[in-house]
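One-letter residues, chain by chain:
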Amino acid sequence: MSKVVGIDLGTTNSLVAYVKDGVPVVIRDESGDGLVPSVVSVGTDGTIFVGREAQRRLLTAPESTVYSVKRFMGRGIEDVHEDASLLPFAVGGEKGGVVRIGIAGRQFTPPEISAFVLRELKRRAEDHFREQGEFDFEVDRAVITVPAYFNDAQRTATRDAGRLAGLEVLRIINEPTAASLAYGLDKRNRGTIAVYDLGGGTFDISILKVEDGVFQVLATNGDTHLGGDDIDRLLVEDVIAEMPKGLAPQTVQAIRRAVIQSKLDLSETDETAIRVESTIGLPTGYSRRITRADFERMIMPLVERTLGPCRQALADAGLEPKDIDEAVLVGGSTRIPLVRRLVHELFARKPHSDLNPDEVVALGAAVQADILISGRREMLLLDVTPLSLGIETMGGVMSKIILRNSTIPASGREMFTSFADNQTAVDVHVLQGERELASDCRSLARFRLRGIPPMPAGMPRIEVRFQIDANGILSVSARELRTSIEQTIEVKPSYGLTDQEVERMLIESFEHAEADFEARLLIEARNEAETVILATEKALRRSDFDRIAAESLEAGERERIEDALADAKRAIGSDDREKIQRKTETLNEATRHLAEVVMNRSVREALAGKNVKDV
Amino acid sequence: MTPDPIPLRAASMLECRNCGAGAPVDEHFCPQCNRILALGRYGDFFTFFGLPRRLGVDPRDLERRFRDLSRQFHPDYFYNAPPAERLASLERSSYLNDAYRTLRNPAARIEHLLAVEGLPPAKSDEGGVKVPPALLEEVFALNEELDEIRELRESGEDEAQLRVRLEKARAPIERKREEHERRIQELSDRYDSQAGSSAAERKTTLEALREQLLEQKYISNLIATIEREQGAGKVAGGLQASGEHHE
């Protein structure tokens, strides 16, 4: 049977994990690295690079490289101005619509970029299962995690990304809850847990009650725009302030890399340096000392922004800090000593970080995937919706239908009627948020109730049913109660893709997938050709080559090798993969005899050398 | 007059969409084939939990029932089931969550009981602006005091002084709240002891409960107003909060 995985699709890094013999494990590359940087880059020939390779290209081709795309998921252009200023790639899109990212002459939506990362994870997992000798190594289903405080549009965008990557998204689960599941595995304890999750781009706090294997979220809160990225930006801006204006994107990226390194250093040491190598516009490089105290002074306001959501979540759960039995740290940014100190103070207890804070979310996602597939009932996650859901009513007021922190799945009903005689349609505007005015809340969708039977004003009784499923995603249905006529609803997501758009992208991605596959084959063919060319050139450059040629090569053999070499070198410059492969093969043939001769000589020499020593 | 207290309890059968067997409307699973049943009716959370219609609810017992039913209904366990069962699981889980949220909260529990017993909700007809007669005196005094405090604040009066006055103004309202809580508890206990009494007697108790609930809501709003006023005085005090929680 095809395989199921859990995926942590992070702002900075992503991971894939699965349950092996009842234990969740992260899938790593040959060097033992589980993290795939959530970076995507497009080459001039259209090749897509993902992960470490794309991360390296941030320094060489920043304009065609995208990072931290999670911050744009389910958002509109008006939300992202602040972020866009320092980004090397172009961010655009229509007002009131989905963000578009322009790189390498192509336009991408955030779900499309995320889909590249997901495809890379899928490939990594499939390679792993293939190596394990699994008969069916295909990975076609996944549980994907999102920040608990993600709204409906952000969750839907994540699910769309999964679909675009060829994955059936079994479930979207919240990152802090996933982490608690991973923690709950080896502890089997009961009590009230606070999960503090400060990642690359988002902050979540979830308060859970664990009993009899049921992980019930009591309250959640957070900030989907607060994380390590913001700390990096503070530091980058501080360094840039000391430099001439109008730095090249490469320089900004070099600075960004340098400050990230010093941020990491300062979790281990009290003092370090921000060191930027010489680069465009910065010929002498840059270096400056920074102490942990300096760093903490700078980031204090950011870290303190996490405290408000923590207090709100406690209040919503009806708890005091002293009621928390355990505090758990999740997310790379919780390695910062200042963060640990503040969490320790807030809950008056030392927070746990036994599991790797980078990996714990993916492990939990794998556990949830296993629960869904196996039907095992020892553990059950009961999560909540982070934001209230409602509709716009007369006067632009938000009328709440499902309150925040309601356990999901959750449903709510609202009655509508007509204002004019024989009115056959009513417009409904769906909102998410806590504010009083509709204009201060997140617009999720607008839809029109059609097909209302003609009746005098106020007579129709239309029941609209809002259903939030276990993914935290909304669906809407409606019925006229007097006639029991089901209403047609066309939902136009405010900041999401319509089903048709997703379909079209899927088709395009198949076309591109073929192009991407072809591009990879081309790269592989070139690499192969280069290996043979280099080996041949090396042999030809040997100081004893003339003697070898005279003693062992046939007449014309040397010329044949030189011709084949020149052909192969010409072919490698073209984009014709088959030609490259043909010429490589010819060169291989032409040099086979030479290779034998050279090898025999080497062996003889080696043996001779040994004999001399031994004797 | 014979009230109609149980409009939703009509004995009706539910048809199992899987095996076609009939099931009592309050069953969760088909007695014949054990498949999850589509939600038969909405309206009575007590029955859904298998509880008698009483206001005294043991929170530990309610929580255990909630966990137990969650383990039976949750969509996680119906991932591979046919669409009809998946839908039934989604509906039943949503309904369970709603029911648990309602019965867990004492005030919401009373409101739900009012609804299933066919009484109007505890909302004032005019939309909640009318002062309940029993609170007229306190509300009058409080409003006067709040007006004065606001004026003094405008003219730059010492915040510490104002805080003392606000605390003082809050005290009689808090006393009222405690009084109402006791009264509601008494009435709830009385209702639970009236299981054998006539419908009319039970209804009288419920109507008294409804009255108390209305007043209690009004009191909560008054306290919220005072808290807003208290909040307005300490805008600069926000940073001290992080140190409050040391043991």
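In this text the structure is predicted, and so the values were computed from the model without any measurement.

Chemist: So what about the overall build of chain B? Which residues, and what values?
Modeler: If you tally the helices and strands in chain B, you get seven helices and two strands. Long-range contacts, defined here as pairs at least 24 residues apart, represent 56% of the contacts in chain B between residues at least 6 apart.

Chemist: Kindly report on the overall build of chain A, identifying the contributing residues and their values.
Modeler: Along chain A, the regular secondary structure elements total 15 helices and 28 strands. Each principal axis of the C-alpha atoms in chain A carries an extent, and together these give about 105 × 60 × 55 Å. A burial count over chain A gives 45% of its 615 residues as buried. Of all intrachain contacts in chain A linking residues separated by at least 6 positions in sequence, the fraction that spans at least 24 positions is 68%.

Chemist: So, the sheet that holds strand S7 (residues 65-67) of chain A: which residues are in play, and what are the values?
Modeler: All names here are of chain A. Strand order in the open sheet formed by three strands is S6-S5-S7, with antiparallel pairing between adjacent strands. Both edges of this open sheet fall to strand S6 (48-50) and S7, since each of them pairs with a single strand only. Neighbouring strand axes in the sheet, compared pairwise and without regard to direction, differ in orientation by 15° on average. Relative to S7, strand S5 (residues 39-42) runs antiparallel, the two being bridged by three bridges.

Chemist: Help me get a handle on the confidence of the model for chain B, residues and values and all.
Modeler: Any segment with low pLDDT has predicted coordinates that should not be analysed in fine detail. Residue and element names in this part refer to chain B. Within chain B, residue pLDDT values average 80, and 85% of them lie at 70 or more. Predicted confidence in chain B is weakest over strand S1 (residues 13-15), with a mean pLDDT of 76, and strongest over helix H2 (residues 59-73), with 94. Low confidence marks residues 1-11, where pLDDT is under 50. Its contacts with residues over four positions away, or in another chain, come to twelve contacts. Segment residues 235-247: pLDDT under 50, and nine contacts once partners within four positions in sequence are set aside and those in other chains are kept. Reported for the predicted complex are a pTM of 0.79 and an ipTM of 0.80.

Chemist: Residue-level account of helix H7 (residues 249-265) of chain A, with values.
Modeler: Residue and element names in this part refer to chain A. The end-to-end C-alpha distance of H7 is 24 Å, a good match for the 24 Å that 17 residues give at a rise of 1.5 Å each. Inspection of H7 places Thr251, Val252, Gln253, Ala254, Ile255, Arg256, Ala258, Val259, Ser262 and Lys263 among the buried residues, and these make up the whole buried set. Buried residues along H7 sit in contact with helix H1 (52-60), helix H6 (228-240), strand S16 (271-276) and strand S17 (286-291).

Chemist: Give me the interface of chain A and chain B: which residues, what numbers.
Modeler: The interface of chain A with chain B comprises 22 residues on the first partner and 18 residues on the second. At the level of secondary structure, the elements contributing two or more residues to the side of chain A that touches chain B comprise helix H10 (337-347), helix H11 (360-374), strand S19 (380-382) and strand S22 (410-416) of chain A. Counted by class, the side of chain A that touches chain B contains 13 nonpolar, five polar and four charged residues.

Chemist: Describe in detail unusual backbone geometry, supporting the description with residues and values.
Modeler: Residues and elements named next belong to chain A. In this chain, isoleucine 408 is followed by proline 409 through a cis amide linkage whose omega measures 0°. Mapped onto the fold, proline 409 is located in the loop between strand S21 (397-402) and S22. Phi is positive for alanine 104, which is not a glycine, with a value near 50°. Relative to the assigned elements, alanine 104 resides in the loop between strand S9 (100-103) and strand S10 (106-108). On the neighbour-count criterion, alanine 104 (18 C-beta atoms within 10 Å) is partly exposed.

Chemist: Can you lay out the nonpolar core for me, pointing to particular residues and giving the numbers?
Modeler: A:Val5, A:Ile7, A:Ala17, A:Ala142, A:Ala362, A:Ala365 and A:Ala366 are the most contacted members of the largest nonpolar core, which has 148 residues in total. Residue contributions to this core peak at ten residues, all from H11(A). For A:Ala365, the contacting residues outside a window of four places in its chain are A:Gly6, A:Ile7, A:Asp8, A:Ala17, A:Val143, A:Ile144, A:Thr145, A:Ile173 and A:Ala178. In terms of nonpolar packing, the next biggest core, distinct from the first, is built from 15 residues, B:Cys16, B:Ala23, B:Cys30 and B:Ala88 among them.

Chemist: A description of the sheet that holds S22(A) should follow, citing residues and the corresponding values.
Modeler: Residue and element names in this part refer to chain A. Read across the open sheet, the four strands follow the order S22-S25-S26-S27; overall the sheet is antiparallel. Each end of this open sheet is capped by a strand with a single partner; those strands are S22 and strand S27 (485-486). Pairing of S22 with strand S25 (residues 462-468), which is carried by seven bridges, proceeds in the antiparallel orientation. Bridged to serine 411 within S25 is glutamine 467.

Chemist: Describe the confidence of the model for chain A, listing the residues and the values that go with them.
Modeler: Put simply, chain A has an average pLDDT of 86, and 93% of its residues get 70 or more. Segment residues 611-615 of chain A is flagged for pLDDT under 50; beyond a separation of four residues in sequence, or across chains, it makes zero contacts in the model.

Chemist: Go over the packing of H2(B) against helix H3 (residues 83-104) of chain B with me, naming the residues and quoting the values.
Modeler: Residues and elements named next belong to chain B. Running from amino to carboxyl end, H2 crosses H3 at an angle of 170°, the nearest separation of the two axes being 10 Å. As far as their axial angle goes, H3 and H2 are roughly antiparallel. When H2 is examined against H3, the residues Pro59, Leu62, Phe66, Leu69, Ser70 and Phe73 are found in contact with a partner set consisting of Ser89, Arg92, Ser93, Leu96, Tyr100, Leu103 and Arg104. Across the contact of H2 with H3, the residue classes tally to eight nonpolar, three polar and two charged.

Chemist: Report on H1(A), specifying residues and quantitative values.
Modeler: A turn of α-helix holds 3.6 residues, and therefore any two residues three or four places apart point the same way. Residue and element names in this part refer to chain A. Buried residues of H1: Ala54, Gln55 and Leu58, and no others. Buried residues of H1, viewed axially, fall in a sector of 105°; they line one side. Residues of H1 that are buried make contact with strand S4 (36-37), S5, S6, S7 and H7.

Chemist: Can you lay out the environment of B:Lys203 for me, pointing to particular residues and giving the numbers?
Modeler: Residue and element names in this part refer to chain B. Mapped onto the fold, lysine 203 is located in helix H7 (residues 199-232). The class of lysine 203 is partly exposed, set by 17 C-beta atoms lying within 10 Å. With 32 residues separating them in the primary sequence, lysine 203 and alanine 171 have C-alpha atoms 33 Å apart.

Chemist: Hey, could you go over the packing of helix H5 (residues 136-154) of chain B against helix H6 (residues 159-193) of chain B for me, with residue numbers and the actual values?
Modeler: Residue and element names in this part refer to chain B. In contact at an axis separation of 10 Å, H5 and H6 are set at 165° when each is read in the N-to-C sense. Comparing the axis directions of H5 and H6 gives the class roughly antiparallel. In this structure, H5 crosses over H6, and the sense of that crossing is left-handed. Here Glu138, Leu142, Glu145, Leu146, Ile149, Leu152 and Arg153 of H5 lie close against H6, whose contacting residues are Leu162, Arg165, Leu166, Ala169, Pro172, Ile173 and Lys176.

Cut-off values and rules
Residues numbered from 1 in each chain as written. Chains lettered and ligands numbered in written order. Predicted model: local features only at pLDDT ≥ 70, side-chain atom pairs only at ≥ 80, totals over all residues. Helix = DSSP H or I, 4+ residues; strand = E, 2+ residues; numbered from the N terminus. Contact = placed C-beta atoms within 7 Å. Buried ≥ 20, exposed ≤ 12 C-beta atoms within 10 Å, placed from the backbone. Pairing = 2+ DSSP bridges. Axes fitted to C-alpha atoms, helices over the stretch in contact; angles between N-to-C directions. pLDDT = per-residue confidence, 0-100. Expected span 1.5 Å × (residues − 1). Nonpolar A, V, L, I, M, F, W, Y, C, P; charged D, E, K, R; others polar. Core = buried A, V, L, I, M, F, W, Y, C linked by C-beta atoms within 7 Å. Parallel < 35°, antiparallel > 145°, perpendicular 65-115°, else oblique. Arc of directions from axis to C-beta. Left-handed = near helix turned anticlockwise from the far one by under 90°.

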